[in-house]
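Coordinate inspection notes
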Amino acid sequence: MIAPAETDEKRHTGGIMVPLDWYIGLSAVIFMIGMAGFLLRRNILIMLISLELMLNSVNISLVAFSHYLQDLRGQVLVFFTITVAAAEAAIGLAILVSLFRNRSLIHTDEITEMKG
Amino acid sequence: MDKVILIPALPLLAFAVNIIFGRAFIKDRAHWVAIAGVLGSFLISLQTFTEVLAGRTINQDVYSWIVSGHFSVTIGFLVDQLTAVMLIVVTSISLLVHIYSIGYMHGDGGYYRFFSYLSLFTFSMLMLVMGNNLLQLYLGWEAVGLCSYFLIGFWFDKKSASDAGKKAFIVNRFGDFGFGLGVMLIFLTLGSLNYADIFATVGTLQGQTISICGNNVDLITLIALLLFCGAVGKSAQIPLHVWLPDAMEGPTPVSALIHAATMVTAGVFMVARFNPIFNLSEVAMNVVAVTGGVTCLFAATIALVQNDIKRIVAYSTVSQLGYMFLACGVGAYGAGVFHLFTHAYFKALLFLGAGSVMHAMSGELDIQKMGGLRKYMPVTYWTFLIASFSIAGVPGLAGFFSKDEILWLAYNGGPVGRFVWLLGTITAALTAFYSFRIIFLAFHGKFRGTHEQEHHLHESPKSMTIPLIVLAVGAISAGWVGIPAVIGENIGVSNGIAHFFQPVLGHPEVTAGHEEETMVMGISVACAVGGILLAWVMYSLRPGIPLVMGRIFRGSYKILWNKYYVDEFYDLIIVRPFKWISSAILIGFTDGKIIEGIVNGVPAAIAAFGEKLRKLQTGNVQHYALGMALGLFVIITLVFIAAGE
Amino acid sequence: MPAKLFFGYFALAMTVLSLIIVTRKNPVHSVLWMLALFFHIAAVYLFLNAEFLAAVQVILYAGAVLVLFLFVIMMLNIKIEVSADRAIGEWPIGLALVGSILIFALFAVGRLVQGPAGAATIEAVRAETDAKALGMTMYTNYLFPFEIASLILLIAIVGAMVLAKRRQE
């Protein structure tokens, strides 16, 4: 891969002078925060919300790439990601509703039917 | 392809047809199929014999059986003088036994099975004698042993019969082990299993020794002795004779065919066939002669006191086989095979006659319970009498010529020969005695059985008596092909069979003159007559004598009656230890601890491991997610490390 | 310079907002803070010249997904967890893992090497408007995935209905 030259510098900063790395770094931070929430919280709703957080962070990085690499494919992918995320949120919530109706539980460490 | 291939092929075909279709379709008509096969075989054998008589021999490879690197074996046929005579013996006796079995096995549930086994046996024996290489001989060897097992244990729901079948097979195995070693040794040293190659090159092994456990053993002697092991087993010589008397559990036609005329003579055939090897080793020949001679006497002494008619004839067989090996051991292979030829007829006749008697006595075997049977079964009586005269060696009948030839050539065979001649002569007297003991006890005098049995006494059906008559003709005339010069000069006949066998079996040197030959002949005739007379006195004239003698010689009588306790001895030193090894060590330890340990241990270990592994599944989804994060962390670390290098 | 300032604000705000979202006791609070986050993300999209996606983000996420979450919360009538533990028992391990992966990620970001550029320069997109450019690409090159996406939505509808249906006794 080529090291940034002058023209690449301009491209790299996208003319607005915010380096691409910053966007990616931001995306990484939000993703990790989302992951922490997913792994650590007991409430299933919060888990689902953290999932949305993670998906959104990925969207940010995709759009950033699309902008800096001047290729629309990133935006197309974001489009689809949002679609799938919405579908998955719906299903996840439906499962939660069904679970709650049967067991009245929303804490993950109490739902251990599949133990062993 | 020569028509000789049909000789074994026809019985094989008969076997296949009978065993496949016998139960469902053929049933009681099985004898037609079997007899057709054997009859065809016999006719072709006759024709082949006339061809060989005219001087033609056949040595032909028919099918390439095994080809593996340097080792190649074919299915081939060697028909020379020796084989031709064996073919006549095997096919004719087999044919007569087949016919006899129609009457004897009538109504038996396994009728078709019996005939199929008979055909299979005939096939195996023919393959044995017609082979031109050791592997085919071994094939036939094992196959006849197998058929013997099938036929001895034919009535397998009777425990004693199936035990006897097992005993025959296992004891034979001991001999066959040595035989197998001999075959392998031949291949290792000579590089081929073909008779022609072996006989051509065996001379090069003379003087070579092989080192066993530090001792140098002469190679040819070792090969000969190992081959002889097989003969000892198959032909029931000491120490492997124990299976033959027990084999009498099988149907009588089986005893006649297998344990008189054909299978047990395979050992003699083998030794005769391999005479080039044996001739090169004096030690081996002495071993053969002494084994034959000792067995001869040993078995005859046991036969003196037995009461079961078939057992007496069985021990008689062992004894006569001893004569044949005795002959081979002094170099008189031709005489040995000549005796094989005549013995086949009179021994088969004795067995079939005994069968006829059993048939009439509703299965009774004890001669003490018989008596006066000659008025009820004249044909059986006269044929049995002819056979007994023949085996005793009464001049003019078959047994006389062959036995005399052996004794005369043994007399000329050096010190060892003299020794075995002495054994043979004593045995001749004993043979006459016990053979006529049967005659006088079973056929003469008053009937000593029950009233029930007396009612059923009758002559056997034609299918059984006709073979008896044919065999009687053989028992009388089979010896006339071998009239020795001493007599033959006077009537203008030469010793046909000796000349016939000369190219294949050779003839030992005879240094003594005609006077000595006449003297030796006289001694053996005197023994025969003496034996007959003694039996007449003890069992017909003064029937009280045996009882008195039994009381005086109580100790020896007991030993003889118990067959020298050989079976008990084997049981003690072989059977019991093996049973113990089997149950305590093999079952108890190897199977119980080691194999069961593995078989149970491996699943147990897997289950235990599984138990531990199960703990990972907590059911809590976030734990699984943590696992995934951990995995991700590991992968990223690895990528970083890899990228860093 | 102003660009960097703007970006700095948004970055900081989004980080703080996410931290707040994952640490609330009350799910409703979490959801509402998420609304704020979504608006910030839309703003960032505008920054990146993707106005169509900004609009989609607000409409879909803020308008649909969030509302769905709120409906479910209210339907299930979940009480505020006053005394319950918020985090699972093994939270130190998780935190450590996440932290280390974050460090790795930031480390990697610093070494980013950019690939070759495509044809859709900023000017070209601006001239066409983002929506048109996106539409042109999607309905020609990515038509098949587009149809699949609609199928996925159908599955989601059916699935949600089946899963959440009250059993007729």
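Attention here is on the structure that accompanies the text. (Residues numbered from 1 in each chain as written. Chains lettered and ligands numbered in written order. Predicted model: local features only at pLDDT ≥ 70, side-chain atom pairs only at ≥ 80, totals over all residues.)

Let us look at the overall build of chain B. When helices and strands are tallied, chain B shows 27 helices and four strands. The proportion of buried residues among the 645 residues of chain B is 51%. For chain B, contacts bridging at least 24 residues in sequence account for 79% of all contacts bridging at least 6. (Helix = DSSP H or I, 4+ residues; strand = E, 2+ residues; numbered from the N terminus. Buried ≥ 20, exposed ≤ 12 C-beta atoms within 10 Å, placed from the backbone. Contact = placed C-beta atoms within 7 Å.)

Further remarks concern the overall build of chain C. A count of helical and extended segments in chain C gives seven helices and zero strands. Counting helices and strands in the order they occur from the N terminus, chain C gives α-α-α-α-α-α-α. Referenced to the eigenvectors of the C-alpha coordinate spread, the extents of chain C come out at roughly 55 × 45 × 25 Å. The buried share among the 169 residues of chain C stands at 22%. Here the contacts in chain C between residues at least 6 apart in sequence split such that 50% fall between residues at least 24 apart.

This paragraph deals with the interface of chain C and chain A. Counting residues at the interface gives 71 residues for chain C and 64 residues for chain A. Looking at the side of chain C that touches chain A, the elements with two or more residues in it are helix H1 (2-23), helix H2 (27-47), helix H3 (51-76), helix H4 (91-110), helix H6 (130-140) and helix H7 (143-164) of chain C. For the side of chain C that touches chain A, the element with the most residues is H3 of chain C, which contributes 11 residues. Taken together, the residues of the side of chain C that touches chain A break down into 55 nonpolar, 12 polar and four charged. (Nonpolar A, V, L, I, M, F, W, Y, C, P; charged D, E, K, R; others polar.)

Every α-helix winds through 3.6 residues per turn, so residues three or four apart in the chain are directed the same way. With 26 residues, H3 of chain C should reach 38 Å at 1.5 Å per residue; the first-to-last C-alpha distance of 36 Å fits that figure. Turning to H3 of chain C, its buried residues number three or more, namely Leu-53, Ala-54, Val-56, Gln-57, Tyr-61, Val-65, Phe-69 and Val-72 of chain C. Those residues of H3 of chain C that are buried lie in contact with helix H3 (44-68) and helix H4 (73-103) of chain A together with H2 of chain C. A positive backbone phi angle near 55 degrees is found at Asn-77 of chain C, which sits one or two residues after H3 of chain C. (Expected span 1.5 Å × (residues − 1).)

Further remarks concern the nonpolar core. Proteins that are soluble and globular tend to have nonpolar side chains buried together. Residues and elements named next belong to chain B. Of all hydrophobic cores here, the largest spans 206 residues; its most connected members are Phe-228, Val-271, Ala-327, Val-337, Ala-348, Leu-349 and Ala-475. Looking at which element gives the most residues to this core, the answer is helix H15 (residues 333-360), with 17 residues. Those residues in contact with Ala-327, other than ones at most four positions away along the chain, are Ala-332, Ala-335, Gly-336, His-339, Ile-406, Leu-409 and Ala-410. (Core = buried A, V, L, I, M, F, W, Y, C linked by C-beta atoms within 7 Å.)

Attention shifts here to the interface of chain B and chain C. With eight residues of chain B at the interface, the matching set in chain C holds eight residues. For the side of chain B that touches chain C, the per-class residue count stands at seven nonpolar, one polar and no charged.

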